[in-house]
Amino acid sequence: MVQLNKLIKQEPVFPDTNQVLKEEMYKKNLKITALSLRAGSKGEYFMIKAECEDQQVSFNCGGKVVVEKLKKVVKELEAETLIEDGVIVLPEPVEAMLISTKSKEGKQYDDLQ
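Residues numbered from 1 in each chain as written. Predicted model: local features only at pLDDT ≥ 70, side-chain atom pairs only at ≥ 80, totals over all residues. Heavy atoms only, no water.

1. Describing helix H2 (residues 64-77)
Reasoning step 1: Taking 1.5 Å of rise per residue, 14 residues should cover 20 Å, and H2 covers 20 Å from first to last C-alpha, within 8% of that figure.
Reasoning step 2: Those residues of H2 that sit buried are Val66, Val67, Leu70, Val73 and Val74. The buried residues of H2 occupy one face: seen down the axis, they fall within an arc of 120°. Turned more than 90 degrees away from the buried face of H2 sit Lys64, Lys72, Lys75 and Glu76, all of them exposed.
Reasoning step 3: Its buried side turned inward, H2 meets strand S2 (29-40), strand S3 (43-52), strand S4 (55-61), strand S6 (87-102) and strand S7 (108-112).
Reasoning step 4: Directly after H2, the chain includes Glu78, whose backbone phi takes a positive value near 50°. (Helix = DSSP H or I, 4+ residues; strand = E, 2+ residues; numbered from the N terminus. Expected span 1.5 Å × (residues − 1). Buried < 20%, exposed > 50% of the residue type's maximum accessible area, 1.4 Å probe, protein only. Arc of directions from axis to C-beta. Contact = heavy atoms within 4.5 Å.)

In structure tokens:
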């Protein structure tokens, strides 16, 4: 039997970064420099490349609020999309903070401030 990951090698989107969990990025000052929009089983999500505490990090975030805000950022900054690898390079870093918050109905969700 052959393992799938040996047949289909998936290269990291941002190999020059330390890949972390989004939960590790909560309430930290981020300078977002690049994005990659992906399709997942629960909808769209972004792979985010950012500078945090003098480190280059990358993480996934698929919350509807975050995805919509990042799409607006891309549109507003008229970011250049590198078609060959699906990476959206922002013309200048965007400072933001990823937070986990609750809706009026008490539902937990991610947001960018």
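So that's the structure; there's more coming.
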